[in-house]
Amino acid sequence: MESIFLQGPANTTSYMIAGFTVIFGVMLLYLVSLVIRQRNLNQDLEVLQELEPADFPESNEGQ
Amino acid sequence: MEPKPTTLKILDIVTVVLLLLATLMVFFYAPLEAVMGQVQKVFYFHVAAGWVGMLGFLAAAFAGLMYLLRSDFKWDIAGLAAVEIGLVFAFINIVTGSIWARPIWNTWWTWDPRLTTATIMMLIYAAYLMLRAGIEDPDRRARFGAVYAIIGFLSVPLTFFSARLFRTIHPVVIGTNQPGAEGSFDMTTAMLQTFLFSLLVFTFIFADLLWHRIRLGRLSLKVEQLKLKSLE
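Residues numbered from 1 in each chain as written. Chains lettered and ligands numbered in written order. Predicted model: local features only at pLDDT ≥ 70, side-chain atom pairs only at ≥ 80, totals over all residues.

**Student:** How would you summarise the interface of chain A and chain B if you had to cite specific residues and measurements?
**Tutor:** Listed per partner, the contact involves 29 residues of chain A and 35 residues of chain B. Taken together, the residues of the side of chain A that touches chain B sort by class into 17 nonpolar, eight polar and four charged. (Contact = placed C-beta atoms within 7 Å. Nonpolar A, V, L, I, M, F, W, Y, C, P; charged D, E, K, R; others polar.)

This is how it looks when you write it as structure tokens:
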């Protein structure tokens, strides 16, 4: 006869997988967004420096 | 773009290694919870993400205060960076909480005081980003951001204490649960160690991301200034 009481932990593996997918997925998306934004800004910076190189001599200096 | 400092490179590596270690601890060191099963493992990063969210909003309030005192744009950049990261982790916290709630509370969502205050907190900071984007004058934008971050921070302690002050089904980790709290559990030593380590690791993630985001903010300011200069 089957017991009506809990025999062991509930089977919640699919929820666990979903949870960790969200955790690592969102963090990865944020990292990708940082990389894309940085790449776009660097491209903008290059264009602006090409427009008037004499005006921005300090732009290539590392800080 | 200024070259990446060596300290930041080291912080990147340390953070990745720590995150890997924390993940291994969650899956192979912390024992399986007797009632909830595997989904309880989400708890370690769920709480840690909530911690980073609140830490980000605290940092933004501090940066706002410093901007109002010093009128230095570096504090505006830091405040924006902290809000953005705080928002990302507050989102992770809320979504993972909802996933955990489905098998434990038998619902994806309930308008419980903790869930409601956490959602309001997130919306307040989402509005911060949207409203900032609508202000063109950098000085006005920075002043607005500073004041908003300070006032908006009121939502953080309200969210934190909501599970302790109001009648709620959301369990608390530190302190006494409300009588109706569902899903609470007694932590073993290994669970507590994993939990505290996860908090530490997510603090490293916050510091690392903040540094990167501040560098991006500085680059963005530089480009904005050059664009204005080229228009003159």
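**Student:** Residue-level account of the packing of helix H4 (residues 113-133) of chain B against helix H6 (residues 155-165) of chain B, with values.
**Tutor:** Residue and element names in this part refer to chain B. Between H4 and H6, the shortest axis-to-axis distance is 8 Å and the interhelical angle comes to 165°. In terms of orientation, H4 and H6 fall into the roughly antiparallel class. Relative to H6, H4 is oriented so that their crossing is left-handed. Residue-level contacts link Pro113, Arg114, Thr117, Ala118, Ile120, Met121 and Ile124 of H4 to Ser155, Val156, Leu158, Thr159, Ser162 and Ala163 of H6. Looking at side-chain class alone, the contact of H4 with H6 contains eight nonpolar, four polar and one charged residues. (Axes fitted to C-alpha atoms, helices over the stretch in contact; angles between N-to-C directions. Helix = DSSP H or I, 4+ residues; strand = E, 2+ residues; numbered from the N terminus. Parallel < 35°, antiparallel > 145°, perpendicular 65-115°, else oblique. Left-handed = near helix turned anticlockwise from the far one by under 90°.)

**Student:** Go over the nonpolar core, please, and point to the residues and values.
**Tutor:** Within the largest apolar cluster, 63 residues are counted, with the highest numbers of intra-cluster contacts made by Ala82, Val83 and Ala149 of chain B. Sorting the residues of this core by element identifies helix H1 (13-51) of chain A together with helix H1 (6-29), helix H2 (42-70), helix H3 (73-105), H4, helix H5 (138-152) and helix H7 (189-231) of chain B as the ones contributing at least two each. Examining the composition of this core, we find that 18 residues originate from one element, H3 of chain B, more than from any other. In this view, Val83 of chain B contacts Gly56, Phe57, Ala60, Tyr125, Tyr128, Leu129 and Ala149 of chain B; residues no more than four positions away in its chain are not counted. (Core = buried A, V, L, I, M, F, W, Y, C linked by C-beta atoms within 7 Å. Buried ≥ 20, exposed ≤ 12 C-beta atoms within 10 Å, placed from the backbone.)

**Student:** Any chance you could break down the environment of Trp105 of chain B for me, citing the residues and the numbers?
**Tutor:** Looking at the secondary structure, you find Trp105 of chain B in helix H3. For Trp105 of chain B and Ala59 of chain B, which are 46 residues apart along the polypeptide, the C-alpha to C-alpha distance reads 33 Å.

**Student:** Help me get a handle on unusual backbone geometry, residues and values and all.
**Tutor:** All names here are of chain B. Positioned with a positive phi, Ser71 is a non-glycine residue whose angle comes to about 55°. One can find Ser71 in the loop between H2 and H3. Ser71 sits in the partly exposed class, given 13 other C-beta atoms within 10 Å. Unusually for a residue other than glycine, Asn106 sits at a positive phi of about 65°. Examined against the element boundaries, Asn106 turns out to sit in the loop between H3 and H4.

**Student:** Talk me through the environment of Glu84 of chain B; I want residue IDs and the actual numbers.
**Tutor:** Residue and element names in this part refer to chain B. Structurally, Glu84 is set in helix H3. By the C-beta count within 10 Å, which is 22 here, Glu84 ends up buried. Residues Glu84 and Leu210, spaced 126 residues apart in sequence, show a C-alpha to C-alpha distance of 9.1 Å.

**Student:** Give a description of the packing of H1 of chain A against H3 of chain B that names residues and reports values.
**Tutor:** For the pair H1 of chain A and H3 of chain B, the least separation of the axes is 9 Å and the interaxial angle reads 170°. What the angle tells us is that H1 of chain A and H3 of chain B run roughly antiparallel. Across the interface between the two elements, Tyr15, Ala18, Gly19, Val22, Ile23, Val26 and Tyr30 of chain A from H1 of chain A touch Val88, Phe91, Ile92, Val95, Thr96, Ile99, Trp100, Arg102 and Pro103 of chain B from H3 of chain B. For the contact of H1 of chain A with H3 of chain B, the residue count by class is 13 nonpolar, two polar and one charged.

**Student:** Residue-level account of the confidence of the model for chain B, with values.
**Tutor:** When pLDDT drops low, the exact placement of atoms in the prediction is not to be read closely. For chain B, the average pLDDT comes to 93, and 96% of its residues sit at 70 or higher. Element-level pLDDT for chain B is lowest in H6 of chain B, with a mean of 91, against a maximum mean of 98 in H1 of chain B. (pLDDT = per-residue confidence, 0-100.)

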